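Listed here are the chains, written in short residue letters.
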Amino acid sequence: MRVLKFGGSSVKDAESINKVVAIVKKALKKDKTIVTVSALGGTTDSLIDIVNSAASHKPAYKDKISALEKRHIDTAKDLLGAAQQKATIKEINNKFKELASICEGVYLLQELSPRTLDSVVSYGELLSSLIISAKFTAAKVSNKWVDSREVIRTNSDFGAAIVDNRNTTKAVKAFVKTNKSKLAIMPGFIAANEKGITTTLGRGGSDYTAALVAAAVGAKELEIWTDVSGMMTADPRLVANVKVISTISYQEAMELSHFGAKVIYPPTIQPVMDKNIPIRIKNTFSPEDEGTQIVKDAKGANNNVRGISTIGKITLLSIEGSGMVGVPGISKRVFGTLSSKNVNIVLITQASSEHSICVAIDDKNAAKAKAALDEEFAYELSIHKINPTIVEKGLSIIAVVGENMKNHTGISGKMFKALGRNGVNIRAIAQGSSEKNISTVIKTEDVKKAVNVIHEDFFETAYKQVNLFIAGCGNVGSKLIEQLHTQASSILDNQNIELRVIGIANSKRVLIDEHGINLNNWQAKLKKAKLMNTQEYVDFIISKNVRNSVFVDITAHEVTANVYGDLLKKSVSVVACNKIACSSDYSKYKQLQDYAREFNAGFLYETNVGAALPVIGTLKDVVSSGDKVTRIEAVLSGTLNYVFNEYDTTKSFAEVVKIAQDEGYTEPDPRLDLGGTDVMRKILILARDAGHKLELKDIKNNTFMPAACMKGSVADFYKATAKHEGHFKKLYDDAAKKDCILKVVATLKNGKASVGLEHIDKKHDMYHLYGKDNIVLFYTNRYSEQPLVVKGAGAGADVTASGIFADIMRAARG
């Protein structure tokens, strides 16, 4: 005997029902078959809406009944030939007349009892099963329609009746014994009490009906046919890369279904588990897919974690107070009180000190649960031994399930590390001694991100997805985007990291694509993108709450630097080419470092000093290893190094600066480089990372530029510089006389920093520094005589972009 159940999505219309017929015909070739069916997709919700409208004394319920009747008649017409339609449509008309009569009574009384509601919703399965039975008859497949209310016996708990297993098994066996047809069609979900009054088994109860029948007849396998190809590792509406679970144990399936996996109704498993009957979850629309098999022992599965499930609309109740410590019976009173109000507890956690008890319940029960607990503990509240019940809403539960988790260390740590890395705050945790389930309560707004990062860590061994939001797409920004585009496939193949650019912003517009921007034509799209300022862009990033997010600032704007804190506090990593944040007030620099540590976010700014050179990384490694930096000497401006390498008085100083600007080495206003401010910011950042509490004003700037050259516009600068050529020639000649060259050197010594033009002789490490190269000499306790030297190209769009890229990869690796 085979038992097949088809859900509402599988019988939603004539086309779907034809697929059901084909599947059942194939099954009949192997064995006698019993089929249980749900209502046509969405019908139960429509019936509830109809009867609620009637109870609210809204005459529109009649129109809704007519619309639902028409849907069923149209389905019958689409399925049946003219010869078979008449009898079936007559049966549909009669059922809707009965339904209309019930609803009229509800309308007149303006009262809806649980018993009446069960009677109303039963019509969905009655109608669908009658239509499907007629379709088989029309297809010349002999079948017997049986009213489930004649074989499934329950008590009188309307809405979710408890099954009388002994009498149900007896009735099912009696039906099977007398039924001569090879195929039986039954409505799922509905049953009857001992008086024959209609009851229901709870939403999703059609699965349960099929399981009861399968257990009673000792079926070889129970097949649950739905619109997905089995149980998934996570909800496909939340996670794009879910995988079908090929085999899962009864216990694991129960855990997942209890915690929100909608593929199977939780009570379904118990009847077949008792008889060791496998369950197979299959896809009506892809019948060749293997689906998921639910069995007693699923040891063949490789992954320790089998799946991730969620429950939404959770309220957390916290009962705490000093008067609870060591007092027996508190937990009993809490649970007894909630039980007396029919409040189901989803999750429980209690502090070892007994100072607090937390219970997670459904949102809809929050008000009555709080009132009941405050009443129960009224005396303790009055003497301040227990605090008023704390109610927290807007929460959800994520459960990580797997029988193989038992005795495997690191599962919890891996889960919580993934959540912490992405700024998901945990409100409560529960893990049973069986170790099959680790459940945690989090904010509902964090569910999608949380499920994705956990799924990524446990199931997506292929790659980790990193989502980038870029601010600034000028010369350096464009080069970075080009590098991201050309290197994306290589990064994915070699490092298992998928870099996905979600946002690109310039000073006026922001291009956004939550599925990833096509980097082939981003410039054209950005021109047509929506207007958005920096704060709006940041608000969008925070609101989307995407996992593994990285904000990349390639601007030189203070406004952009000011948003880093907001992002870090949401565990969005920040990669900053912009030097303003790290060289502004020390308190802000320190705050950003603290935020990064506190909220497990990366704050990376290697390109603040030396473009792609590993200057800051090297310094941090030296400091973190316990060494102490005693002195730093550095040429930190590729622009200034280029200018003084090229200036030999054959061309004027102004001409050399203009060449540097045309090559893209200087800022749009060259005075930002020549005035020393840029170098001052860089040595300040190094000083701070070395452990010194310095401000920009503390750095001595021995400028070589005449004051007249620093006034007016950029054009004025070039005119004034040309007039002062004698000044620059004298600087060059004075150095040449000593057989030296000129370098703008930044120095940190004894906690004091300075920047100035210096004569460098041939013995110095800085002498052979060509083009736009930078050099940093670190003198430390360990490198006291021979400094640790970092040297290389320190300017240019390509190398700066590559430095940003390297920081992005550091953030990506966490």
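For clarity, every value in this text was computed on a predicted model and none was experimentally measured. (Residues numbered from 1 in each chain as written. Predicted model: local features only at pLDDT ≥ 70, side-chain atom pairs only at ≥ 80, totals over all residues. Heavy atoms only, no water.)

1. What to know about the sheet that holds strand E26 (residues 741-749)
Picture the strands of a sheet paired through backbone hydrogen bonds; they go either parallel or antiparallel. Rules: DSSP-based pairing: two strands are paired if at least 2 bridges between them are found. Labels follow the DSSP assignment, with helices taken as runs of H or I lasting at least four residues and strands as runs of E lasting at least two, numbered in each case from the N terminus. Every axis in this analysis is a line fitted to C-alpha atoms, fitted for helices over the stretch in contact. Angles between the N-to-C directions lie between 0 and 180 degrees. Every residue pair with non-hydrogen atoms within 4.5 Å of one another is taken to be in contact.
Strand order in the open sheet formed by 6 strands is E25-E27-E26-E24-E28-E29, and the pairing between neighbours is mixed. The open sheet is flanked by strand E25 (700-702) and strand E29 (788-793), the only strands paired with a single partner. Within this sheet the neighbouring strands show an average axis-to-axis angle of 20 degrees, counted without direction. Sheet topology note: the strand E28 (residues 773-780)/E29 ladder contains 6 bridges and is antiparallel. Pairing of Asn-774 across the sheet is with Gly-792, part of E29. Lying on the sheet, helix H22 (residues 615-624) is in contact with strand E24 (629-635), E28 and E29; it crosses E28 at an angle near 10 degrees. In this fold helix H28 (residues 725-737) packs onto E26 and strand E27 (752-760), with an angle of close to 85 degrees to the strand it touches most, E26.

2. Observations concerning the sheet that holds strand E16 (residues 437-443)
Taken in spatial order, the 6 strands line up as E12-E13-E11-E14-E16-E15 in an open sheet, and their pairing is antiparallel. Of all strands in the sheet, those bounded by a partner on one side alone are strand E12 (345-350) and strand E15 (428-431). Taking the axes of each pair of neighbouring strands and ignoring which way they run, one obtains an average angle of 30 degrees across the sheet. Here 7 bridges tie strand E14 (residues 390-401) to E16, and the two strands are oriented antiparallel to one another. Looking across to E16, one finds that Val-400 is bridged to Ile-438. Its contacts with the sheet place helix H8 (residues 250-258) against strand E11 (307-320), E12, E14 and E16, and it is angled at close to 65 degrees to E11.

3. Examining the packing of aromatic side chains
Counted only if it meets this: A pair of Phe, Tyr and Trp rings is counted when the ring centres sit within 6.5 Å of each other, with Trp represented by its six-membered ring. The angle between the planes then sorts it: under 30 degrees is stacked, over 60 is edge-to-face, the rest tilted. Counting as a charge over the ring demands two things of the Lys NZ or Arg CZ atom: a distance within 6 Å of the ring centre and an angle within 35 degrees of the ring normal.
One pass over the structure, following the stated rule, counts 16 aromatic pairs. Linked through ring pairs, Phe-644, Tyr-647, Phe-653, Phe-704, Phe-728 and Tyr-732 together constitute an aromatic cluster. Residue placement shows Arg-631 over the ring face of Tyr-779; its charged tip is 3.8 Å from the ring centre.

4. Things to note about the side chain of Lys-743
What counts, and what does not: A simple rule labels every residue: compare its accessible area, found with a 1.4 Å probe on the protein chains alone, to the largest value its type can have, and call it buried under 20%, exposed over 50%, or partly exposed in between. His is not counted, nor are the chain ends; Lys and Arg add positive charge and Asp and Glu add negative charge. When a carboxyl oxygen of Asp or Glu lies within 4 Å of a side-chain nitrogen of Lys or Arg, that pair is called a salt bridge.
Among the structural elements, Lys-743 can be located in strand E26. Salt bridges are absent for the buried Lys-743, whose nearest opposite-charge side chain, Asp-773, sits at 8.8 Å.

5. Quick notes on the layout of surface pockets
Threshold: Here the term cavity refers to a set of points on a 1 Å grid, laid over the protein atoms alone, in which a 1.4 Å probe fits but cannot get out; the term pocket refers to an open set having protein on both sides within 12 Å along at least five of seven lines, with lining residues being those that place an atom within 4 Å of a point. Grid points are joined across faces, edges and corners, and a volume is the space filled by probe spheres set on the points. For this classification, the nonpolar set comprises Ala, Val, Leu, Ile, Met, Phe, Trp, Tyr, Cys and Pro, the charged set comprises Asp, Glu, Lys and Arg, and every other residue, Gly included, is treated as polar.
Size it by volume and the second largest pocket reaches roughly 1,200 Å³. Taken together, 48 residues make up the lining of the second largest pocket; nearest its centre are Ile-554, Thr-555, Ala-556, Cys-577 and Glu-667. Within the residue set of the lining of the second largest pocket, elements represented by two or more residues are helix H15 (475-495), helix H17 (534-544), helix H18 (558-561), helix H23 (638-646), helix H25 (671-674), helix H26 (677-689) and helix H29 (797-813). Considering every element that reaches the lining of the second largest pocket, the biggest residue donor is H26, with 4 residues. Taken together, the residues of the lining of the second largest pocket break down into 19 nonpolar, 23 polar and 6 charged.

6. Examining the nonpolar core
So the rule is basically this: Among buried residues, those of type Ala, Val, Leu, Ile, Met, Phe, Trp, Tyr and Cys that are joined through side-chain atoms within 4.5 Å constitute a nonpolar core.
Grouped together as the largest cluster of nonpolar side chains are 81 residues, with contacts concentrated most on Phe-551, Tyr-564, Phe-603, Phe-653 and Ile-683. Counting residues per element, this core draws most heavily on H26, which supplies 7 residues. When residues no more than four places from it in sequence are discounted, the contact partners of Phe-551 are Phe-469, Ala-471, Tyr-537, Ile-541, Thr-560, Val-563, Tyr-564, Leu-567, Val-572, Ser-573, Val-574 and Val-575. Core analysis: the next-biggest nonpolar cluster, separate from the first, contains 55 residues, Met-1, Val-146, Ala-216 and Ile-281 among them.

7. Digging into the pattern of salt bridges
Under the definition given, this model contains 30 salt bridges. Across the pair Glu-221 and Arg-280 runs a salt bridge, and its minimum N-O distance is 3.7 Å. Within this pair, whereas Glu-221 is found in the loop between helix H7 (205-217) and strand E7 (222-226), its partner Arg-280 is found in strand E9 (residues 279-283), the two being separated by 59 residues in sequence. Judged by its relative accessible area of 18%, Arg-280 is buried. One salt bridge connects Lys-762 with Asp-739, and the closest N-O pair in it is separated by 3.4 Å. With Lys-762 in the loop between E27 and E28 and Asp-739 in the loop between H28 and E26, the pair connects residues that are 23 residues apart, well separated along the chain.

8. What about empty space enclosed by the protein?
The gaps left among the atoms become clear once a water-sized probe is rolled over them. Scanning the entire structure with this criterion turns up 4 cavities of 30 Å³ or more. Of the voids in this model, the largest cavity is the one considered here, and its volume is about 40 Å³. What lines the largest cavity is Leu-674, Gly-675, Gly-676, Asn-701, Asn-702, Thr-703, Phe-704, Val-744, Val-755, Gly-756 and Leu-757. The leading source of residues in the lining of the largest cavity is E27, at 3 residues.

9. Description of the packing of helix H3 (residues 61-79) against helix H5 (residues 114-138)
The condition that has to hold: Each angle gets one of four labels, with under 35 degrees taken as roughly parallel, over 145 as roughly antiparallel, 65 to 115 as roughly perpendicular, and the rest as oblique. Each crossing is labelled by how the near helix is turned from the far one, with a counterclockwise turn of less than a right angle marking it left-handed and a clockwise turn marking it right-handed.
One way to put it is that H3 packs onto H5 with a least axis distance of 10 Å and a crossing angle of 15 degrees. The pairing of H3 with H5 is recorded here as roughly parallel in orientation. Viewed along their axes, H3 and H5 form a crossing whose handedness is right-handed. Residues His-72, Ala-76 and Leu-79 of H3 touch H5, and the partners they reach there are Leu-127, Ile-131 and Lys-135.

10. Considerations on the environment of Lys-32
Tracing the backbone through its elements, the reader meets Lys-32 in the loop between helix H1 (14-28) and strand E2 (33-37). Along the chain, Lys-32 and Ala-184 lie 152 residues apart, while their C-alpha atoms are 8.6 Å from each other. Among residues more than four places away in sequence, those in contact with Lys-32 are Met-1, Arg-2, Val-176, Asn-179, Ser-181 and Lys-182.

11. Side note on unusual backbone geometry
For Ala-611, which is not glycine, the phi torsion reads 55 degrees and is therefore positive. Take Ala-611: it is sitting in the loop between strand E23 (603-604) and H22. The class for Ala-611 is buried, based on a relative accessible area of 4%. The phi dihedral of Asp-739 falls on the positive side, at around 60 degrees, and the residue is not glycine. Relative accessible area serves as the criterion here: at 42%, Asp-739 is assigned to the partly exposed category.

12. Topic: the packing of helix H4 (residues 82-109) against H5
Viewed as axis vectors pointing N to C, H4 and H5 meet at an angle of 180 degrees, and their least axial separation amounts to 10 Å. Comparing their axes, H5 and H4 come out roughly antiparallel. Residues Gln-84, Thr-88, Glu-91, Ile-92, Lys-95, Phe-96, Glu-98, Leu-99, Ile-102 and Val-106 of H4 form the contact with H5, whose own contacting residues are Thr-116, Ser-119, Val-120, Tyr-123, Leu-127, Leu-130, Ile-131, Ala-134 and Ala-138. Split by residue class, the contact of H4 with H5 holds 12 nonpolar, 4 polar and 3 charged.

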